[in-house]
Amino acid sequence: MTTIDTRRANLALILEKKHKGNRTALGREVGRQGGYVGSMLPNANNQRAFGEAIARDFEKKLRLPSGWFDTPHDEVMPGSDCRDCTIGPRRILGRIGRG
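Throughout what follows, the structure given in this document is the object of discussion. (Residues numbered from 1 in each chain as written. Predicted model: local features only at pLDDT ≥ 70, side-chain atom pairs only at ≥ 80, totals over all residues. Heavy atoms only, no water.)

A word on the overall build of the chain
Across its full length, the chain holds five helices and zero strands. Traced from its N-terminal end to its C-terminal end, the chain shows the element sequence α-α-α-α-α. Residues counted as buried form 45% of the 99 residues belonging to the chain. Taking the contacts inside the chain whose residues are at least 6 apart along the sequence as the reference set, 55% of them involve residues at least 24 apart. When the accessible surface of the chain is summed, it comes to about 5600 Å², and 46% of that surface belongs to carbon and sulfur atoms. (Helix = DSSP H or I, 4+ residues; strand = E, 2+ residues; numbered from the N terminus. Buried < 20%, exposed > 50% of the residue type's maximum accessible area, 1.4 Å probe, protein only. Contact = heavy atoms within 4.5 Å. Areas by Shrake-Rupley, 256 points an atom, 1.4 Å probe, with all protein chains shown as cover.)

Quick notes on the packing of aromatic side chains
Per the stated rule, a full pass over the model turns up four aromatic pairs. Grouped by ring-pair contacts, the aromatic residues Phe 50, Phe 58, Trp 68 and Phe 69 constitute a single cluster. The ring of Tyr 36 carries the charged tip of Arg 32 above its face, separated from the ring centre by 4.7 Å. (Phe/Tyr/Trp six-rings, centres within 6.5 Å; stacked < 30°, edge-to-face > 60°. Lys NZ or Arg CZ within 6 Å of the ring centre and 35° of its normal.)

Thoughts on the nonpolar core
Soluble globular proteins: nonpolar side chains tend toward being buried together. Judged by nonpolar contacts, the single largest core of 19 residues is most densely connected at Leu 11, Leu 26, Phe 50, Phe 58, Leu 62 and Phe 69. Among the elements of the structure, helix H1 (3-19), helix H2 (23-30), helix H3 (34-38) and helix H4 (52-61) are those that each provide at least two residues to this core. A per-element tally of this core places H1 first, with five residues. With near-sequence residues (within four places) excluded, Phe 58 lies in contact with Leu 11, Val 30, Arg 32, Tyr 36, Met 40, Phe 50 and Phe 69. (Core = buried A, V, L, I, M, F, W, Y, C linked by side-chain atoms within 4.5 Å.)

These values are about where atoms sit, not about what they do.
What follows is the structure in structure tokens.
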């Protein structure tokens with residue numbers, strides 16, 4: 001898995017666990033449109049770049065430590081408002097591309 005793949009998987013994890021799949025809500029939190037966020041997810045058609053600058057910007061806006069998006073995670077950071085943070089990003093990937 002490349003760093004870009006890891007970032008996409010972590011974004012999918014945050015979307016699913018913290019925002020219950022609501023791209024618009026996540027977009028508001030990171031200062032982007034929901035469609036923009038959707039285009040950065042795994043399995044998205046016409047994927048946008050998910051480079052260093054965007055990753056660091058999202059981390060800052062989501063109050064995550066610098067570099068968080070670059071490391072595989074099976075849960076969102078402790079203290080987030082998600083109730084069940086045990087699902088791994090690999091299990092989420094199949095659901096994100098479906099709708």
